[in-house]
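# Fold and geometry: a report
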Amino acid sequence: MKTTVPLAPQTSTLIPRGVADYFWEEALQRRRLEVALLDIFRTWGYEDVIPPMFEYTNTFSRHANNELQAEMVRFQDRDGSTLALRADMTIAVARLVGTRLHDWPMPQRFCYTGSVFRDTELQAGRQREFLQAGIELIGAPSPTADAEILALTAKALQMAGLNGFKLVLGQMGYFHGLLQALQLTPDQQRWLQQAIDRNSEPEVAGFLRAVALESQQRRAIEELPSLNGHDVAAILAHAEQLCLNQVMQAALSNLRAICTALDSYGLLNFIYVDLTEIHNLGYYTGLTFEALAPGLGFPVATGGRYDQMIGAFGKPEAAVGAAFILDRMLTARRNSTGPQKPPQPVAPQLLVAATTSSQCLAIVEEWRGQGIRVAVDVGNHTVSELWQMAQKIGCQRVLVWRGAGFDVYEDAPTPARYIAADDQAQLLNLGS
Amino acid sequence: MEPLLIALPKGRMADQSLDLLQRAGISMPNGDFGRKLVITSADGALRYIMAKPTDVPTFVEYGAADMGVCGLETLRESGRNVYEPLLLPFGHCRLSLISPTDRPDTPLRYESQPRVGTKYPRLTMAFFRERGVNAEIIALNGSIELAPLVGLADLIVDIIETGNTMRANGLAELRVIMHSQAVLIVNRAAYRLKADLIQQVLTALRAVLETNEQTSTRNVNV
């Protein structure tokens, strides 16, 4: 018996940290979710976009916060320039619109799915390579545009079976306005941001002890952590009393307008307002949100308004978008249906013994046209070999062509019945 | 409604947490832990788990537990991304840099590469990096005071409550790295998804803490 951990593992079985093989049922579910999401996005008028898998590091860097900067997977081009694997879809789409589609009528709507790469600490559904789907609505500054992105996010989560989800809405302007009013040093800003982001009593208290502020300013910070909950009107009213300038007030009226627009979609029950929701990527300028689903401690989707980004590539355009983390959506859905089982193979429903009969192959084609999974043997196996293979991979039926019909093997290695080639009803039944 | 799951750190802090929760009128685990890993309250509204203290932030960040109690120093060492809305009035201690009493009194920044034994490698690394010192961190799991005595490390970073163990081993406190006490932590998603239940617990705890403060202030005045 082998009792030691090998000191030098076999490198042929290794794959790099943070990437995975998906296969069988799990791969199928990921693909299905991708397709289903894109289908919904398209019905709302969103058009497909496929950004490149890697770009110049500079393209991403200009809009990345420190975290994203540190997490980019970089490598060098032959001419010495630095490239990075796609670290963010939104930036790639913004580059496309800003540099090439700026004269096309606005608003423009785009949707996508694909892998995103970030060299990050591994956590639930966020490996170094993770699968995203997303939507971007470009050239529309109105609150109704924000509401459309939120409504479509809600629609997508419902379709994915994530009942009981919540959309947590914040507005970056409120915190940005607060920072403007406080006139802090960069270190103090970072401290306050982390304290608020973590809803941290010790850090907020420490900050208030260390930084000299007027009483109105103190109060705005002390009460900020309580500005969250379901009661949109009450929270916005409370936040109103704490405003220190126009920027904060503008943020609140914008949030109010978005909620009014969401009411028309019948979505107010899914909304949770949280003015401490400020931890997102760093490029958001207005609305920011995350979608939460029961059974998972991490958001399944995030998004917000980024009005400053496209201007960096060309003509300035307002924009708002959302990104879904597909593995988290799948995990949340599985968690809500009980303990996880290992993925099962998705075997063919019918296994047909090797044949050269064109009549037989025509029938097989008919089955496939009906969406039935049929594999025809290409190895000249004996019936008993096929039967054993079918048992092993979980295929229900083995069929052997007998010139004018099929012998059907179902529960035993002997034919259970014979179906004639002209018995249409019976033939179609085989796939069920 | 789904019950709220609370993670408690095995040991004295768990008893102190339960005591506080009870005074706040929050329903208690129905029975003793012993061999059981999960205990539900009599009314079914809450479930409790006992975890190794350093694991509590992990349970809470992943949402396996909705809330938990742990030391602030354990939380900072873990680097876990959770809410920390409420300090609790127990588990007071400080995380300090400790040296043998015969260490010459020179600034740390004169050291080229001190060897530092600790259970808190992240915080220790951050402390030395901030001073531009490239410390060799020796991660240990227990009996940290032993390290300088047998020449494994020049310095140690550890928790000090009374300082008795430290003094008994011929060690002295050089710098306080952080002051710590127990903190209630909450999963970011649960904080919103189970907002009603969590706010109830927070409000009840805050009420008890305020009464406490008033009592202790009165005592001081007397």
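Structural notes, computed from the coordinates. (Residues numbered from 1 in each chain as written. Chains lettered and ligands numbered in written order. Predicted model: local features only at pLDDT ≥ 70, side-chain atom pairs only at ≥ 80, totals over all residues. Heavy atoms only, no water.)

Once that is clear, we can look at the pattern of salt bridges. Considering all chains together, one arrives at 35 salt bridges over all chains under this definition. The partner of E277(A) in a salt bridge is R192(B), with the nearest N and O atoms 2.6 Å apart. Pair noted here: E277(A) is in the loop between β9 (271-274) and β10 (287-292) and R192(B) is in helix α7 (residues 188-193), and the two residues belong to different chains. Look at the salt bridges and you will find they share partners, linking R198(A), E203(A), R76(B) and E84(B) into a network. (Salt bridge = Lys/Arg side-chain N within 4 Å of Asp/Glu carboxyl O. Helix = DSSP H or I, 4+ residues; strand = E, 2+ residues; numbered from the N terminus.)

The next subject is the pairing of strand β7 (residues 166-171) of chain A. Residues and elements named next belong to chain A. The buried fraction of β7 is high, at six of six residues. Covered by surrounding structure in β7 are K166, V168 and G170 together with L167, L169 and Q171, the residues of both alternating faces. Both β7 and β10 contribute to a ladder of six bridges, which runs antiparallel. Bridging from a neighbouring strand, K166 pairs with L292 of β10. (Buried < 20%, exposed > 50% of the residue type's maximum accessible area, 1.4 Å probe, protein only. Pairing = 2+ DSSP bridges.)

Right, let's get into unusual backbone geometry. Residue and element names in this part refer to chain A. The step from M106 to P107 runs through a cis peptide bond, and the omega angle for that step is 0°. Tracing the chain through its elements places P107 in the loop between α4 (89-100) and β5 (108-117). Even without a glycine there, the phi angle at Q183 is positive, about 55°. Mapped onto the fold, Q183 is located in the loop between α6 (172-182) and α7 (186-197). By relative accessible area, which is 68% here, Q183 ends up exposed.

In this section: the sheet that holds strand β2 (residues 54-56) of chain A. All names here are of chain A. One open sheet accounts for three strands, arranged β2-β4-β3; its pairing is antiparallel. Of all strands in the sheet, those bounded by a partner on one side alone are β2 and β3 (74-76). On average, each strand axis in the sheet is tilted by 35° relative to the strand beside it, whichever way the strands run. Strand direction decides the pairing type here: β3 and strand β4 (residues 82-85), joined by three bridges, are antiparallel. Residue pairing in the sheet places Q76 in a bridge with T82 of β4. (Axes fitted to C-alpha atoms, helices over the stretch in contact; angles between N-to-C directions.)

With that out of the way, let us pick up the interface of chain B and chain A. Residue-level contacts link 24 residues of chain B with 29 residues of chain A. Taking both sides of the interface into account, the surface hidden between chain B and chain A amounts to around 2000 Å²; carbon and sulfur atoms contribute 45%. Considering only the surface of chain B that becomes buried against chain A, Y62(B), R192(B) and L193(B) emerge as the three largest contributors, covering 34% of it. On the surface where chain B and chain A come into contact, there are 14 residue pairs in polar contact (both at pLDDT 80 or more). For the side of chain B that touches chain A, the secondary-structure elements that each account for two or more residues are α2 (56-62), α3 (72-78), β5 (83-87), α7 and α8 (195-221) of chain B. A breakdown of the residues in the side of chain B that touches chain A according to their chemical character gives twelve nonpolar, four polar and eight charged. (Contact = heavy atoms within 4.5 Å. Buried area = accessible area lost by both parts, 1.4 Å probe. Polar contact = N/O pair within 3.5 Å; in protein donor to acceptor, adjacent residues only side chain to side chain. Nonpolar A, V, L, I, M, F, W, Y, C, P; charged D, E, K, R; others polar.)

With that settled, consider the pairing of strand β7 (residues 115-118) of chain B. All names here are of chain B. Strand direction decides the pairing type here: β7 and strand β8 (residues 136-139), joined by four bridges, are parallel. Bridged to G117 within β8 is I138. Relative to strand β9 (residues 155-160), β7 runs parallel, the two sharing three bridges. Looking at the pairing, V116 lines up with L155 of β9.

By themselves these figures say nothing about function.
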